Amino acid sequence: MTEQEPPLKPIDPVLLQSFKLERVLRKDPKSKSINLLGKIEDRTTGVVSTALLLLEKTAFSESFTKRFPRPQTNQDGEKLGDECTEDDGRKKKPRLNHGDGEAEQGIGGGQGIFESLVPLDQNDIYTWLLADLSRPSLTTPPAIHGSQVGSGKGKDHEVKMTLIHPATPTHVQKYSEQSKSMYSETPEVYRSVVLPYIQSLPPSRINWVYNILEGRKEAESLLYVDRDPIQGFVILPDLKWDRSDLSSLYLQAIVMDRSLRSIRDLKSQHVGLLKSIVRQAEAVVEKSFFPSSSHAQPTRSRLRFFIHYQPSYYHLHVHILNSDVDNHPGAMVGQAHLVQDVIDLLESGVDFEKRTFHYALGDRSELSRLLTDRSQD
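Just so it is clear, the structure is predicted and the values come from calculations on it, not from any experiment. (Residues numbered from 1 in each chain as written. Predicted model: local features only at pLDDT ≥ 70, side-chain atom pairs only at ≥ 80, totals over all residues. Heavy atoms only, no water.)

Novice: Which residues make up the environment of I212, and what values do they have?
Specialist: Among the structural elements, I212 can be located in helix 5 (residues 207-213). The spacing of I212 and L222 is ten residues in sequence and 8.6 Å in space, taken between C-alpha atoms. Sequence-distant contacts of I212, defined by excluding residues within four places in its chain, comprise N123, K217, E218, L222, R227, V234, L236 and I254. (Helix = DSSP H or I, 4+ residues; strand = E, 2+ residues; numbered from the N terminus. Contact = heavy atoms within 4.5 Å.)

Here is the structure:
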């Protein structure tokens, strides 16, 4: 019997207020994101530890457009009826919103950092929140909205935030600005360099994955669960998604089989598992996010399934992304492999252990250093 997840604890605003910025690791004007390195002091013990704040501006939501007043007549001067037309042709009830009571008022600033905080989830050293930037004229402590996953959905929050605390040097390297280089990984390179590297990684690095699979964390976020140790998997929102903007919908499926670390481990007997992930994800998305969709095409044509190689963590998982998203860095050539292509290759008898893979790695990563050293021998 698995240990049940305790209720999500409210975020301590003092913890974030004590964040002292050391330097900016990376900023991306296109994605409107920034990664900050700093220190946080435990107010009880006085211990100072490294922390990362990963901040990303959120997208405009449908509730934002509803705040604008609707016209009373159309362009021909005819009085509008009970419905107005959205840009995709759907009919919706008109709403005349002039801002009186629709938009939340400011709730008090966090001493120059955050005005309000909304917890999304917490797992191991990772905490995910929505936040609003404070206004300089406000001096009261930041407000905490709710303590359960998904709270605070009635407001358009300005920032999606990930707090990693305490952060390791590996985290700092991962989220720092760095150039990328292409590598060719032959089967021999995999056996002599990459596989030993994977095997050297401490299991504690993916404790947060085991917390999910064993039901100790993020239980309320799970959209699908099959606990069969070989064919089972879970589906849940990706930590990078704000869980509200469907145009950027981003989920992950994580397999239960701990022997599957990457695409290299997949065999023909895993075709059923991959097909099941695709099938169940389509059903979950249709039921949970598009129950009354007016789109003519089926859900599967609006989802992109892919596997990373090299992955960010070595426990097999499938990325599930809204197919409308065309600027996602993780869906690029040189890292992403479409699951449908993987299935086709496996059914055609391809052995991934015998393939040469080509991919990009950040120049500061440990694996890139090992591969570079080998090429210079």
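Picking up where we left off.
Novice: Explain the pattern of salt bridges residue by residue, including any values.
Specialist: Taken as a whole and judged by the stated rule, the model has 14 salt bridges. With its nearest N and O atoms 2.9 Å apart, the salt bridge here joins R264 to E185. With R264 in the loop between strand 13 (250-255) and helix 6 (271-288) and E185 in strand 10 (residues 180-185), the pair connects residues that are 79 residues apart, well separated along the chain. Given a relative accessible area of 0%, R264 falls into the buried group. The closest approach of N and O atoms between E366 and R369, which form a salt bridge, is 2.4 Å. Pair noted here: E366 and R369 are both in helix 8 (residues 366-376), with a separation of three residues, about one helical turn. One salt-bridge network, held together by shared partners, links R26, D28 and E177. (Salt bridge = Lys/Arg side-chain N within 4 Å of Asp/Glu carboxyl O. Buried < 20%, exposed > 50% of the residue type's maximum accessible area, 1.4 Å probe, protein only.)

Novice: How would you sum up the side chain of D238? Please name residues and give values.
Specialist: Relative to the helices and strands, D238 is located in the loop between strand 12 (233-237) and strand 13. Separated by 2.8 Å, the side chain of D238 and the backbone nitrogen of K240 make a polar contact. Here Q252 takes part through its side chain, which lies 2.7 Å from a polar atom of the side chain of D238. Apart from the residues within four sequence positions on either side, D238 is in contact with Y250, L251, Q252 and H319. (Polar contact = N/O pair within 3.5 Å; in protein donor to acceptor, adjacent residues only side chain to side chain.)

Novice: Quick rundown of the nonpolar core? Include the residues and the values.
Specialist: Core analysis: the largest hydrophobic core is formed by 52 residues, its most contacted members being L266, I320 and L371. A per-element tally of this core places helix 6 first, with eight residues. Excluding its chain neighbours within four sequence positions, the residues that come into contact with L371 are Y183, V189, V193, V194, Y359 and L361. Ranked by size, the runner-up nonpolar core spans 26 residues in total, among them W128, I164, I206 and Y210. (Core = buried A, V, L, I, M, F, W, Y, C linked by side-chain atoms within 4.5 Å.)

Novice: I'd love a proper account of the pairing of strand 2 (residues 33-41), names of residues and values included.
Specialist: Strand direction decides the pairing type here: strand 1 (residues 20-28) and strand 2, joined by seven bridges, are antiparallel. Looking across to strand 2, one finds that K27 is bridged to I34. Linking two consecutive strands that pair antiparallel, namely strand 1 and strand 2, is a turn of four residues; a positive phi of about 55° is found at K32 within it. In this sheet, strand 3 (residues 48-57) lies alongside strand 2 in antiparallel orientation, the contact comprising nine bridges. Note that in strand 3 the partner of I40 across the bridge is S49. Once strand 2 ends, the chain turns through six residues before running back antiparallel as strand 3, passing G46 with a positive phi of about 80°. (Pairing = 2+ DSSP bridges.)

Novice: Tell me about the sheet that holds strand 11 (residues 224-226), and name the residues and values.
Specialist: In space, the six strands of this open sheet follow the order 11-12-13-15-14-16, with antiparallel pairing throughout. Because the sheet does not close on itself, it has two edges, and the strands there are strand 11 and strand 16 (336-338). Across this sheet, the average inter-strand angle for adjacent strands is 30°, counted without regard to direction. Two elements, strand 14 (residues 303-308) and strand 16, share three bridges in a ladder whose sense is antiparallel. Bridge assignment links H308 to a residue of strand 16, and that residue is A336. Set on the sheet, helix 6 makes contact with strand 11, strand 12, strand 13, strand 14 and strand 15 (317-322); between it and strand 14 the angle comes to about 140°. Sheet contacts for helix 7 (residues 339-347): strand 14, strand 15 and strand 16; angle to strand 16, the most-contacted strand, approximately 65°. (Axes fitted to C-alpha atoms, helices over the stretch in contact; angles between N-to-C directions.)

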